[in-house]
Amino acid sequence: MSRILVYCGFRHAPEISLPAVGVNAAPVQVAAFDNLSLLWSEVEWPFDPQRMQKSAVEFHEVVHQVFKQTAVIPFRLLSVFDDQQAFTAFVVENRQRFLEDLNRLRDVVQMECVIYTKPSETPVDRSSGKAYLEQKAVALRSSEASVQATQDALAHLSREVRVREGKNGTRIFVLVERGCENNFRQAVTAVPIPTHLSRRMSGPWPAAEFLSEQVKMPQIDGVAGAK
Amino acid sequence: MGHGRRTLLSLMPNDFETLETLGGEDEVSLLEILDHVLNSGVVIHGSLVISLAGVDLVYLGLNVVLASVETALSNLQIEEKRRQK
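Residues numbered from 1 in each chain as written. Chains lettered and ligands numbered in written order. Predicted model: local features only at pLDDT ≥ 70, side-chain atom pairs only at ≥ 80, totals over all residues.

Draft legend 1. Examining the overall build of chain B more closely. In terms of helices and strands, chain B carries two helices and five strands. Secondary structure elements of chain B occur, N-terminal to C-terminal, as β-β-α-β-β-β-α. Residues classed as buried in chain B amount to 24% of the 85 residues present. Considering only contacts within chain B whose residues lie at least 6 apart along the sequence, 16% involve residues at least 24 apart. (Helix = DSSP H or I, 4+ residues; strand = E, 2+ residues; numbered from the N terminus. Buried ≥ 20, exposed ≤ 12 C-beta atoms within 10 Å, placed from the backbone. Contact = placed C-beta atoms within 7 Å.)

See below:
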């Protein structure tokens, strides 16, 4: 059984070089709709779970080859269309929104910083429930202060910021101008961090966190879409 | 671009080695790649990734839950620490 796997959308430009092969060595094809181009492959479905990591890297490589050259809207790896008809209907329905987002995000990239508590740094105080909660409150306040200090240090670089709490730490997403990635790293590194906390930076990534909601989770009227 | 670039796939046996993807300066781990390709970007309506109480559940095939992304990532991080010891 085959499905249509879509990698990303971007504004068409003849000078953009495109990858030849994608996930599982499938040829990468281009669907062009006016100014909007999308890369896709026909793939065997479902994916072999044993090969999932390799597929993820191959998918990432396709998206990033284009992203190195221009702004892209990435799709998620496990989103597929039943057939080309469903894919075409989806693009026709959503083309304008995609182009608006690509225009809004054309000169920016997404940088990220995760601030998290080092698991083994502070032994958990189990002497009483109160002590445990107090310890957690202190750690939380400390983490919040570091997140705020990081945001403040990035204010001059940030086009937009989103902060998300997760069980693996606080994740700060920052839109910065393409070419300012090192300024981001330097600004973050300059912020002191308490010994019980750690941080990790990554990027540049496509600005997926900053896509409009209608692009992130588009509706497809009258189309079965993916299963 | 391309200076100092290594082939991602050639590094697959060591899943958590830091990978260079965009030239010599930008580094990213497999963990982050997995997180982004599974958890960021366009979700097609009715597609395989749904969100429940803030946790994305990854579905493959006939509504079989393989793993939540966050749980999978936590497990990968634990594994990474083991390998580093």
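Draft legend 2. The arrangement of the packing of helix α1 (residues 52–67) of chain A against helix α1 (residues 30–39) of chain B in detail. Two numbers describe how α1(A) lies on α1(B): the axes approach to 9 Å, and their chain directions differ by 75 degrees. Taken together, the axis directions place α1(A) and α1(B) in an arrangement best described as roughly perpendicular. Taken together, the residues of α1(B) that come into contact with α1(A) (itself represented by A:Gln53, A:Ala56, A:Val57, A:Phe59 and A:His60) are B:Leu30, B:Ile33, B:Leu34, B:Val37 and B:Leu38. Partitioning the contact of α1(A) with α1(B) into residue classes produces eight nonpolar, two polar and no charged. (Axes fitted to C-alpha atoms, helices over the stretch in contact; angles between N-to-C directions. Parallel < 35°, antiparallel > 145°, perpendicular 65-115°, else oblique. Nonpolar A, V, L, I, M, F, W, Y, C, P; charged D, E, K, R; others polar.)

Draft legend 3. Inspection of the domain arrangement of chain A at higher detail. All names here are of chain A. Taken as a whole, chain A is organised into domain 1 (2–105 + 211–216) and domain 2 (108–209). Counting residues at the interface gives six residues for domain 1 and four residues for domain 2. For the side of domain 1 that touches domain 2, the secondary-structure elements that each account for two or more residues are α1 and β4 (72–74). A breakdown of the residues in the side of domain 1 that touches domain 2 according to their chemical character gives six nonpolar, no polar and no charged. (Domains from an automatic or database assignment.)

Draft legend 4. Highlighting the nonpolar core. Residues and elements named next belong to chain A. Residues Val6, Tyr7 and Cys8 are the most contacted members of the largest nonpolar core, which totals 59 residues. If one sorts the elements of this core by residue count, α1 sits on top with seven residues. When residues of this core are assigned to domains, at least three map to each of domain 1 (2–105 + 211–216) and domain 2 (108–209). Setting aside its immediate chain neighbours within four residues, Val6 contacts Leu38, Trp40, Phe75, Phe81 and Phe87. (Core = buried A, V, L, I, M, F, W, Y, C linked by C-beta atoms within 7 Å.)

Draft legend 5. The arrangement of the pairing of strand β6 (residues 108–117) of chain A in detail. Residues and elements named next belong to chain A. Counting buried positions along β6 gives seven out of ten residues, so the element sits mostly inside the fold. Pairing of β6 with strand β9 (residues 197–205) involves seven bridges; the strand directions are antiparallel. Of the residues in β9, the one forming a bridge with Cys113 is Met201. (Pairing = 2+ DSSP bridges.)

Draft legend 6. Spatial organisation of the packing of helix α3 (residues 129–154) of chain A against helix α4 (residues 181–189) of chain A. All names here are of chain A. At a minimum axis separation of 9 Å, α3 and α4 run at an interaxial angle of 140 degrees. Comparing their axes, α4 and α3 come out oblique. Relative to α4, the crossing made by α3 is right-handed. Facing Thr150, Ala153 and Leu154 of α3, the residues of α4 in contact are Phe184, Ala187 and Val188. Here the contact of α3 with α4 is composed, by residue class, of five nonpolar, one polar and no charged. (Left-handed = near helix turned anticlockwise from the far one by under 90°.)

Draft legend 7. Spotlight on α1(B). Residue and element names in this part refer to chain B. By the criterion of burial, α1 is predominantly enclosed, with eight of the ten residues buried. Among the residues making up α1, those that are buried are Leu30, Glu32, Ile33, Leu34, Asp35, His36, Val37 and Leu38. One or two steps after α1, the chain reaches Gly41, where phi turns positive at roughly 115 degrees.

Draft legend 8. Fine view of unusual backbone geometry. Residues and elements named next belong to chain A. Omega for the bond connecting Gly203 with Pro204 falls within 30 degrees of zero, at 5 degrees, which places this linkage in the cis form. Positionally, Pro204 belongs in strand β9. Backbone geometry places Asn24, a non-glycine residue, at a positive phi of 55 degrees. Structurally, the position occupied by Asn24 is in the loop between β1 (2–11) and β2 (29–33). The class of Asn24 is partly exposed, set by 16 C-beta atoms lying within 10 Å. Non-glycine residue Asp34 carries a positive phi angle of around 55 degrees. Looking at where Asp34 falls in the secondary structure, it is placed in the loop between β2 and β3 (36–44).

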